[in-house]
Amino acid sequence: MNNWLVYNSFLFAEDSGAELYILYWCLVGVIALCIPASIVSYHRCEKRARLIIDTPTSKVKGVFIGLNELKGHVVLTDHLISYLTDTPCCWYKYKIEEHYTRTRTTTDSEGNSKTETYSGWETVDSGGSRVPFELRDDTGRIRVNPAKAEIDGDESLEITRSRIDDIYYDKGPQQAISGSNGRRRFTESVLSSNEDIYILGSAGIRRDVAEYEIAFDKQDELYMISTRKEEEIQSKYTRGRLLSILGGLGCVIGLPFMLEFQVNIYPQALTISMISAPCFLILIMFLYVSLVFNGLVRIRERLIQAWSIIEIQLQRRYDLIPQLVASVKKYIQHESE
């Protein structure tokens, strides 16, 4: 206990300067903000994972109005060429980074100047584009409008080139950044023809043709187009949920001990941590149960919608049969005459 107080006094002594004091409170603030951030991150990952799990995979022939999960191949219908690799595609995204080495001079609280050298990569150009395409499976095709979709494509290019290479100035800016080392890194992701994709989005009636299309809907929680498999996407969200829980739990337990340096709460820090950690886990369990319940409600609504579509089709057939019988009778009468 005495050693702890001695270390605390030494850490925040007047001779240590105000920079260490400011750094300490910044660290405390970051840890405190990480707690709600981890809760939001867990809620986002869990919500998306439940949405993928609760939405069954449909065939193109079985698509109906509302949220659908589809798997198939890309069929290009519009002309789009990627910027870096000149690849025919329906979506691409590129980024050009330039390597630099710079120096800076800093002055501490005592007025001593220090010059240091640092380096890194700076983005000098980026962009992308997308056009509608068709998804094809073993039952047919359907148009996909990728506007406002979260697209996750495979990286088709990642190279580093110097000034002597043609791509350096042909695709990159003509002007160099401050402290440039003459090296640029080019990366590009594309969605090309016949590529396997996974789509989670809403189907609706096209405005120009009486056909279905997959497009962005304001009521949807997620509109995703990905080259990854469904299992890989779920694994990504599972890792995100686990990291969010572990990170938030670590911050909840560590925050009282961090405050102990400046606020005299010893030995209450251990007690606060033992209380706050279960409360954090209870909150996570509450979010999980609420999302599972919302998923069950969503499945019920999809079932009601599916039955209503079946009833509409049966009613249309029921109304069509008498008309067909009447037409056949008139045709028989016409032939007999």
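Everything that follows concerns the structure shown earlier in this document.
These notes cover the structure that comes with them.

Calculation notes
Residues numbered from 1 in each chain as written. Predicted model: local features only at pLDDT ≥ 70, side-chain atom pairs only at ≥ 80, totals over all residues. Heavy atoms only, no water. Helix = DSSP H or I, 4+ residues; strand = E, 2+ residues; numbered from the N terminus. Rg over C-alpha atoms; globule rule 2.2 N^0.38 Å. Buried < 20%, exposed > 50% of the residue type's maximum accessible area, 1.4 Å probe, protein only. Contact = heavy atoms within 4.5 Å. Areas by Shrake-Rupley, 256 points an atom, 1.4 Å probe, with all protein chains shown as cover. Lys, Arg positive; Asp, Glu negative; His and termini not counted. Charge placed at Lys NZ, Arg CZ, Asp CG, Glu CD. Pairing = 2+ DSSP bridges. Axes fitted to C-alpha atoms, helices over the stretch in contact; angles between N-to-C directions. Core = buried A, V, L, I, M, F, W, Y, C linked by side-chain atoms within 4.5 Å. Phe/Tyr/Trp six-rings, centres within 6.5 Å; stacked < 30°, edge-to-face > 60°. Lys NZ or Arg CZ within 6 Å of the ring centre and 35° of its normal. Salt bridge = Lys/Arg side-chain N within 4 Å of Asp/Glu carboxyl O.

What to know about the overall build of the protein
Per the secondary structure count, the protein includes five helices and eleven strands. In terms of C-alpha radius of gyration, the protein reaches 30 Å, well past the compact-globule figure of 20 Å for 337 residues. In terms of overall dimensions, the protein has a C-alpha envelope of 115 × 60 × 25 Å along the principal axes. Sorting the 337 residues of the protein into buried and exposed places 34% on the buried side. In the protein, 70% of the contacts between residues at least 6 apart in sequence involve partners at least 24 apart. As displayed, the protein offers around 21100 Å² of accessible surface, 57% of which is attributable to carbon and sulfur atoms. The averaged location of the 44 negative side-chain charges in the protein is 5 Å from the averaged location of its 38 positive side-chain charges.

Things to note about the sheet that holds strand S7 (residues 154-162)
Sheets are built from strands that pair by backbone hydrogen bonding, the pairs being arranged parallel or antiparallel. With antiparallel pairing, four strands are arranged side by side in an open sheet as S3-S2-S8-S7. Of all strands in the sheet, those with a lone pairing partner are strand S3 (113-130) and S7, marking the two edges. Across the sheet, the mean angle from the axis of one strand to that of its neighbour is 20°, orientation sign disregarded. Taken together, the eight bridges between S7 and strand S8 (residues 180-192) define a ladder with antiparallel strand orientation. Each residue of the ladder has a partner; that of threonine 160, found in S8, is arginine 185.

Description of the nonpolar core
With 30 residues, the main nonpolar core has Phe133, Leu135, Val144, Leu191, Ile199, Ile214 and Ile225 as its most contacted residues. When contributions to this core are tallied by element, the ones reaching two or more residues are strand S1 (66-76), strand S2 (89-107), strand S4 (133-137), strand S5 (140-144), S8 and strand S9 (196-205). When residues of this core are assigned to their parent elements, the largest contribution, six residues, is made by S2. Apart from residues lying up to four places away in sequence, isoleucine 214 is in contact with Leu70, Ile142, Arg143, Val144, Asn145, Ile199, Gly201, Ser202, Ala203 and Tyr223. Ile39, Tyr42, Leu255 and Phe280 belong to the second-largest nonpolar core, a separate cluster that totals 15 residues.

Remarks on the environment of lysine 47
Relative to the assigned elements, lysine 47 resides in helix H2 (residues 18-54). According to the relative accessible area criterion, lysine 47 is partly exposed, its value standing at 30%. Not counting chain neighbours up to four residues away, the residues in contact with lysine 47 comprise Glu221 and Leu291.

What about unusual backbone geometry?
Phi at aspartate 86 takes a positive value of approximately 55°, unusual for a residue other than glycine. Its location among the elements puts aspartate 86 in the loop between S1 and S2. In this model, asparagine 194 sits at a positive phi of 65°, which is unusual for a non-glycine residue. Following the sequence through the fold, asparagine 194 ends up in the loop between S8 and S9.

Digging into the pairing of S9
Where burial is concerned, most of S9 is hidden: seven out of the ten residues are buried. Sheet topology note: the S1/S9 ladder contains eight bridges and is antiparallel. The partner of lysine 71 across the bridge, within S9, is tyrosine 198. Between S9 and strand S10 (residues 212-215), which pair antiparallel and follow one another directly, the connecting turn spans six residues.

Focus: the packing of aromatic side chains
Each aromatic ring pair is characterised by the separation of its centres together with the angle its planes make. Here the structure, examined in full by the defined rule, presents four aromatic pairs. Residues tyrosine 92 and tyrosine 94 carry aromatic rings whose centres are separated by 6.4 Å and whose planes lie at 20° to one another, so their mutual orientation is stacked. On the basis of an interplanar angle of 80° and a centroid distance of 6.2 Å, the ring pair of tyrosine 100 and tyrosine 118 is categorised as edge-to-face. One end of the pair, tyrosine 100, is in strand S2; the other, tyrosine 118, is in strand S3, and 18 residues separate them in sequence. An aromatic cluster is present here, built from Tyr83, Tyr92 and Tyr94 joined pairwise through their rings. Between lysine 171 and the ring centre of tyrosine 83, over which it is positioned, the NZ or CZ distance is 5.0 Å.

Regarding the pattern of salt bridges
Within the structure shown, the criterion is met by 15 salt bridges. For arginine 141, the salt bridge goes to glutamate 134, with nearest N and O atoms at 3.4 Å. Judged by relative accessible area, arginine 141 falls into the exposed class, the value being 51%. When its relative accessible area of 21% is taken as the criterion, glutamate 134 is described as partly exposed.

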